[in-house]
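Commentary on secondary and tertiary structure
Given next are the chains, with one letter for each unit.
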10 protein chains.
Amino acid sequence: MLFHVAMRVNLPPDLDPQIADELKRAEKQRAQELQRAGTWRHLWRVAGRYANISIFDVDSHEELHDILSSLPLFPYLDIEVTPLARHPSALPES
Amino acid sequence: MLFHVAMRVNLPPDLDPQIADELKRAEKQRAQELQRAGTWRHLWRVAGRYANISIFDVDSHEELHDILSSLPLFPYLDIEVTPLARHPSALPES
Amino acid sequence: MLFHVAMRVNLPPDLDPQIADELKRAEKQRAQELQRAGTWRHLWRVAGRYANISIFDVDSHEELHDILSSLPLFPYLDIEVTPLARHPSALPES
Amino acid sequence: MLFHVAMRVNLPPDLDPQIADELKRAEKQRAQELQRAGTWRHLWRVAGRYANISIFDVDSHEELHDILSSLPLFPYLDIEVTPLARHPSALPES
Amino acid sequence: MLFHVAMRVNLPPDLDPQIADELKRAEKQRAQELQRAGTWRHLWRVAGRYANISIFDVDSHEELHDILSSLPLFPYLDIEVTPLARHPSALPES
Amino acid sequence: MLFHVAMRVNLPPDLDPQIADELKRAEKQRAQELQRAGTWRHLWRVAGRYANISIFDVDSHEELHDILSSLPLFPYLDIEVTPLARHPSALPES
Amino acid sequence: MLFHVAMRVNLPPDLDPQIADELKRAEKQRAQELQRAGTWRHLWRVAGRYANISIFDVDSHEELHDILSSLPLFPYLDIEVTPLARHPSALPES
Amino acid sequence: MLFHVAMRVNLPPDLDPQIADELKRAEKQRAQELQRAGTWRHLWRVAGRYANISIFDVDSHEELHDILSSLPLFPYLDIEVTPLARHPSALPES
Amino acid sequence: MLFHVAMRVNLPPDLDPQIADELKRAEKQRAQELQRAGTWRHLWRVAGRYANISIFDVDSHEELHDILSSLPLFPYLDIEVTPLARHPSALPES
Amino acid sequence: MLFHVAMRVNLPPDLDPQIADELKRAEKQRAQELQRAGTWRHLWRVAGRYANISIFDVDSHEELHDILSSLPLFPYLDIEVTPLARHPSALPES
């Protein structure tokens, strides 16, 4: 089940750089785990912003929420979730 | 070069059904042409709305604009375009 | 799987009354079918507006979209869909 | 009398973790008291956000305000209240 | 039970003047009935706009919705309802 | 001359409780003075928010501004002022 | 008593040109009457828009509303009214 | 004197095609006149929208307004004007 | 050349009172200099807000920006600038 | 490939002046490097705001993002990116 998730990162500029770097390191590690698991299907950078647009493939809202709310950067994220359905004009094989 | 394109369709409810159906038929045909050409990479339906979220892969802004502005439904579309870049946490192979 | 769906009805005041009444009749019939099927779990009227807040229980985004987009009033609806998950403070039995 | 209440929690990321945990513990305890009392009828998590959508059943605006403004997390909550009425298409038994 | 109700009237400029006048006449008559009944407690004109701010005193959300949705101008009204509670700083006698 | 004034209070959660309590005490005292003087005609609590909706009766904009800007909580208030006029459908005696 | 009034004119492009011209002629005549009377103190065009920013000097909200609501273009106007007070830094003679 | 002007074109889809084409022809002709005169310094298409972003170089607000309000498409344009000044980091020769 | 400038002052409530007073003193002094110079043509207080609406008369955007950005309160100001042109209905002598 | 980039700078007023000055110095140096390289094609100050409107000419979204996200002021910037295409009414030589 696909979800479009837009995340905007609001790290305070005066956050201790070491804390910030550790958060980013942990976020990257977790994101790549989820990509390898096929859960985090797409992850794109919004050009010009500390933000991303992602596509998640999960089996329930609980799973989606657990994943997003456990992201290291979650306390600094502004998240918009949009449920996606199959489009009638999408090619069968897509 | 990837673009995130959110399209909302505002067909007037009192539009002649034949005209509406022909527009939708032509739109579907064109969308599938572009998907087969690899230009319209992803096309998802926003659940609950007459709207879609798409990913386009084009070589220039002119190409993107020509494609979108020549869509049969273009006069009825509200479109948001967001340029996407490679995310530093995206897996190399994604 | 629960979805919070807020619907605002924008029937043009100058719509033929007979057409409007038939749309409302068909909408009510369909809504009650879905309630009896356990799909449309809650349906509340927003006091003071031609709008409702509903809770749907469906198994997929496709099912949700098919239901909503096939509602007789769909062409006149402004819809917001919000995926709901189990709240950690909700009583087990709720 | 039913109210739709949307709550968004804005806990500062740099809040002392002990204070934050104590607030959450007290909030959960209070929420479950109110659910058992039948006042807090529904409590759902908005998937992907530190936010909830709830349905309250109270006898007056004063009661609603006293409940919400006395929630441990109230100073950190952004709250939208929407009065709900019975929908003409709701099944009699709902 | 008090409700703050903000109403904005969107009569199309090209509406048949006779229909418009009849709607306004019926609206005024109904408004004055409700004021005499003590339900429509306050009715103020927003200076510079075809809009009003009102205070209603009703016993239920259903009563509020029935009153507002049966106003002759209802199809042309954009309505915001805000539930009001007693303010701790309000004088006892107010 | 009547003004509709909507006030939203944004007290920082980490404000020294003693300062906060003193501000609230002084605000209540001032509000009740103005109510007794007939200037602050109505003061209602917005159910669910640290906000109020008030009706002021003053003789000039300067008087209104002096009153509002001298409220103890003024530095923490987000204020919307709407000038009110007599409504043509208001009962003569209202 | 000064009011800042921002007016945006939304004349439908397909309005009968004769009706439009007559409305504009009458609006101009009325505007100049009010300027000569000292009521319409300032009238500026917003560069690039069919909109104006004006300063009105009236003695009551009723007078302001009567003037604005009786403007020939009123049915096509989107109006924002802001009450102005004397600024503490304004020169005494201004 | 430079102005940033963002124009969004809202041509009704059901506008007579001949009228629409004539408007576009006249708009293009006028735009090119102004570009040759050095007044319309830059004209870019917003990719994906029937909108443009332009830079105008004029000597007065009256000149800017006369130019924009006399554009053939003006009745269908939503225009945002932003005055531009020389940036302290701009290269001297730019 | 006239500009409409709306300024909202966002002084943090916990700013050192001495610093705040000095900023306000310097701001008032500068504002009165500019008024005497005929540059700051009008300065009105928005009733109920720490905000003003002003009319500036300058010869270039650079002059406008230098004036506004050198105001003592500039770091705390939220500013909206709107270029004003002569209105066709304004009396010749205005 | 052209991009319209609107940047608003949100430097906290209480930022250490030395840090602020160093950031601005480095930002100016970087901006002038990019202008000389032909990448930062236009850089204008929005009159009255600590904001700029720029035109960038880059070959990819990655290049655009790397440039913007490596600007010294990036942590304090609110950025809007709009892809620009050639306008059909632009003069061939423009």
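For chain A, the name recorded in an unreviewed UniProt entry is Muconolactone Delta-isomerase, with Haloechinothrix salitolerans as its organism. Taken from UniProt, the Subunit (unreviewed entry) comment for chain A reads in full: "Homodecamer." Of chain A, the UniProt comment under Sequence similarities (unreviewed entry) reads exactly: "Belongs to the muconolactone Delta-isomerase family."

Superposition of chain B onto chain A requires a rotation of 180 degrees combined with a translation of 0.0 Å along the rotation axis, giving an RMSD of 0.0 Å. Accordingly, the operation relating the two chain copies is best matched by a two-fold axis. With an isologous cut-off of 70% or more, the 100% of interface residues of chain B that recur at the interface of chain A puts this contact in the isologous class.

Let us look at the pattern of salt bridges. Any two side chains of opposite charge can pair, so long as their charged atoms come close to each other. A complete count under the given rule lists 50 salt bridges over all chains for this structure. Residue B:Arg8 pairs with C:Asp78 through a salt bridge whose shortest N-O separation is 2.7 Å. Taken together, the positions of B:Arg8 in strand β1 (residues 2–9) and C:Asp78 in strand β4 (residues 77–86) put the pair across two chains. Of the charged contacts, one joins B:Glu33 and B:Arg30 as a salt bridge, the two residues approaching to 3.1 Å between their closest N and O atoms.

It is worth spelling out the interface of chain C and chain E at this point. Opposite the eight residues of chain C that make contact, chain E presents 11 residues. Between E:Glu80 and C:Arg49 there is a salt bridge, with its nearest N and O atoms 2.9 Å apart. Across the chain C-chain E interface, the total number found is five residue pairs in polar contact (both at pLDDT 80 or more). Residues that form the side of chain C that touches chain E fall into these classes: four nonpolar, one polar and three charged.

Moving on to a negative patch on the surface. Side chains of A:Asp14, D:Asp14, F:Asp14, I:Asp14 and J:Asp14 sit close together on the surface and give a patch of like negative charge. Looking at the secondary structure, you find J:Asp14 in the loop between β1 (2–9) and α1 (17–36). By relative accessible area, J:Asp14 is classed as exposed at 69%.

This next bit is on the interface of chain B and chain A. Taken together, the contact between chain B and chain A spans 27 residues of the former and 27 residues of the latter. The contact between chain B and chain A buries some 2500 Å² in all, and 66% of this surface belongs to carbon and sulfur atoms. At the junction of chain B with chain A, the criterion picks out zero salt bridges. Our enumeration of links across chain B and chain A arrives at 14 residue pairs in polar contact (both at pLDDT 80 or more). Going through the elements one at a time, β1, α1 (17–36), β2 (40–46), β3 (51–57) and β4 (77–86) of chain B are the ones with two or more residues in the side of chain B that touches chain A. Two elements, strand β2 (residues 40–46) of chain A and β4(B), share three bridges in a ladder whose sense is antiparallel. Each residue of the ladder has a partner; that of A:Val46, found in β4(B), is B:Leu84.

Our focus in this paragraph is the UniProt feature "domain: Muconolactone isomerase" (unreviewed entry) in chain A. Per the UniProt annotation, the sites labelled "domain: Muconolactone isomerase" (unreviewed entry) are residues 1–89 of chain A. Annotated as 33% helix and 36% strand, the span residues 1–89 of chain A places its first and last C-alpha atoms 18 Å apart.

So, on to the relation of the copies chain C and chain E. For the pair chain C and chain E, the relating rotation is 72 degrees, the translation along its axis is 0.0 Å, and the fit reaches an RMSD of 0.0 Å. Here the two chains are linked by the operation of a five-fold rotation axis. In terms of proximity to the rotation axis, the leading residue of chain C is C:Pro12, whose C-alpha is 9.3 Å off the axis.

Residue and element names in this part refer to chain H. If you check helix α1 (residues 17–36), its first and last C-alpha atoms are 28 Å apart, about what 20 residues at 1.5 Å a residue would give, namely 28 Å. Every buried residue of α1 is accounted for by Ala20, Leu23, Ala26, Glu27, Ala31, Gln32, Leu34 and Gln35. Tucked inside the fold, the buried residues of α1 contact β2 (40–46), α2 (61–69) and β4 (77–86). With a side-chain oxygen lying 2.7 Å from the backbone nitrogen of Gln18, the N-terminal cap of α1 falls on Asp16. Taken from the residues just after α1, Gly38 is the one with a positive phi, measuring 80 degrees.

What counts as what
Residues numbered from 1 in each chain as written. Chains lettered and ligands numbered in written order. Predicted model: local features only at pLDDT ≥ 70, side-chain atom pairs only at ≥ 80, totals over all residues. Heavy atoms only, no water. UniProt positions renumbered as here; feature names shortened; annotations may be inferred. Least-squares fit on C-alpha atoms with pLDDT ≥ 70 in both. Contact = heavy atoms within 4.5 Å. Salt bridge = Lys/Arg side-chain N within 4 Å of Asp/Glu carboxyl O. Helix = DSSP H or I, 4+ residues; strand = E, 2+ residues; numbered from the N terminus. Polar contact = N/O pair within 3.5 Å; in protein donor to acceptor, adjacent residues only side chain to side chain. Nonpolar A, V, L, I, M, F, W, Y, C, P; charged D, E, K, R; others polar. Patch = residues over 30% accessible without salt bridge, like charges linked within 9 Å, V, L, I, M, F, W, Y side chains within 5 Å. Areas by Shrake-Rupley, 256 points an atom, 1.4 Å probe, with all protein chains shown as cover. Lys, Arg positive; Asp, Glu negative; His and termini not counted. Charge placed at Lys NZ, Arg CZ, Asp CG, Glu CD. Buried < 20%, exposed > 50% of the residue type's maximum accessible area, 1.4 Å probe, protein only. Buried area = accessible area lost by both parts, 1.4 Å probe. Pairing = 2+ DSSP bridges. Expected span 1.5 Å × (residues − 1).

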